[in-house]
Every structure is written in C-alpha cells, then in structure tokens.
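# Geometric and topological summary
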Amino acid sequence: DTGVSQDPRHKITKRGQNVTFRCDPISEHNRLYWYRQTLGQGPEFLTYFQNEAQLEKSRLLSDRFSAERPKGSFSTLEIQRTEQGDSAMYLCASSLVGRITGELFFGEGSRLTVL
Amino acid sequence: GEDVEQSLFLSVREGDSSVINCTYTDSSSTYLYWYKQEPGAGLQLLTYIFSNMDMKQDQRLTVLLNKKDKHLSLRIADTQTGDSAIYFCAESYNQGGKLIFGQGTELSVKP
C-alpha cells in the first residue's frame, strides 16, 4: 500500500520541548496538506504546499509552528516550545492537482500529547 | 467567511435510513465532500458533489445539495453497524485547494 504515511504515530513530550513530525505523501501527488484535529472537532487547516512551495498558511498558526517540504516530496512539521494546548492529532494529506474530484488522501495522523 | 456546521450525533437502528445534515457559508464553494472517520483510522472520502449538481447517488449513498440554503445532506440507505463512524462534511472553493471541514457527526447504529 502506498498511501500517505506519518511518523511518529504517537509522541509524548514535556512542555517547552520541540517536536517534529514527518509526512510521506502518495508518490505522484504534488500537493501536501497539514491539518490539526482535537477531540470532537473536525480537521483544522494549518498549511499546504504545492511541490516545495508553501502556498497558504493559516493565520491561526502560531510562529512556533513551521513546515517544510524541501524537495517537493516528504514534509516535516515542527512545533517549537510546545504548550499543552498543542496536544492534538496532526493529520497530513496529499492530492494531485488536476484530478477532477480534488479529493485529499489522509494519513492516519500523528498524535501529540504535551505534559 | 468559511464555516461548516453539522449536528454532532445521530443514532439509528440497523436497516433504517440515516440522514446527516451540513450547512456551509461560503457561496463560492465549488466542491462539497463527505468523509468518514472510523476509530483509529484516517479520513476516507465517501463521496463528493459539484456545486452545479443537485443530487448524486452512489449505491447506498445519496447526496442532496440545496445551494440556495447552502445545505448539504448525506443519506445512507439500509444503515449497517459497520456504518458507525464520524462523518465530516467539507467544502472547497478551488480544485485541489484546502478543504474546510465541519465538526463531524457521530453516527451510532444499533442492532
């Protein structure tokens, strides 16, 4: 299966530490998205890339969050100086521009717990 | 602005029809989607509808779109216990761009 994969699946950290998540999209997909989901809520958009260019970033995204997609393939999402409010599931999705349905394919997520 | 609203819970008996409703605010939305999320699994696309359509049927699923009222619904016929999951409505106003999700409707199917 060559779906979207995310690593690690679960991360527990102490407040103030930095964490990094990795996403490997479906290989031919040129767009990659990061979402955050908290319990009882729908996924909240964070940012997305087309190839290596970051096309949009949510204005709700703190400066402590940074995402990269250096070679237009995998992406990393780093959270610096984590806070308890950062505890959530971080979802990655990918899509192919030009696909008529415009659907996003999601990974299973990386769950962050900040103690 | 971008906002998608859904009712939070729905409980039905196995074999009944389920109807999950969604309202959205962005009249420029061109694509509307229904995603399903099972416990411990990623979101999976169930079906989608273009804004120039009123209805789409796909096996047990029927999607109805009322653009005037900005209302989208998903009907699941002959609901099974395996349909128990959280269902998310999402809108996108350009192909391949970001999706805006509702908060999800938890469907519980009782035998």
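Above this text is the structure in question.
Quick look at the structure, then. The structure presented is a predicted model; accordingly, all values stated were derived computationally and were not measured. (Residues numbered from 1 in each chain as written. Chains lettered and ligands numbered in written order. Predicted model: local features only at pLDDT ≥ 70, side-chain atom pairs only at ≥ 80, totals over all residues. Heavy atoms only, no water.)

## Points about the pairing of strand β4 (residues 31–37) of chain A
Residues and elements named next belong to chain A. The buried count for β4 comes to 7 of 7 residues, which makes it a mostly enclosed element. With burial as the criterion, each face of β4 is covered, one bearing Arg31, Tyr33, Tyr35 and Gln37 and the other bearing Leu32, Trp34 and Arg36. Here β4 runs beside strand β5 (residues 44–50); their pairing, made up of 6 bridges, is antiparallel. Residue Arg31 lies in a different strand from β5, and its bridge partner there is Gln50. Joining the antiparallel neighbours β4 and β5 is a turn of 6 residues, in which Gly40 adopts a positive phi near 80°. With 7 bridges connecting them, β4 and strand β9 (residues 88–95) associate as antiparallel partners. In the strand pairing of β9, Arg31 is matched with Ser95. (Buried < 20%, exposed > 50% of the residue type's maximum accessible area, 1.4 Å probe, protein only. Helix = DSSP H or I, 4+ residues; strand = E, 2+ residues; numbered from the N terminus. Pairing = 2+ DSSP bridges.)

## Notes on the nonpolar core
Grouped together as the largest cluster of nonpolar side chains are 20 residues, with contacts concentrated most on B:Trp34, B:Leu72, B:Leu74 and B:Tyr87. Formed by 19 residues, the second largest nonpolar core is a distinct cluster that contains A:Ile26, A:Leu61, A:Ile79 and A:Cys92. (Core = buried A, V, L, I, M, F, W, Y, C linked by side-chain atoms within 4.5 Å.)

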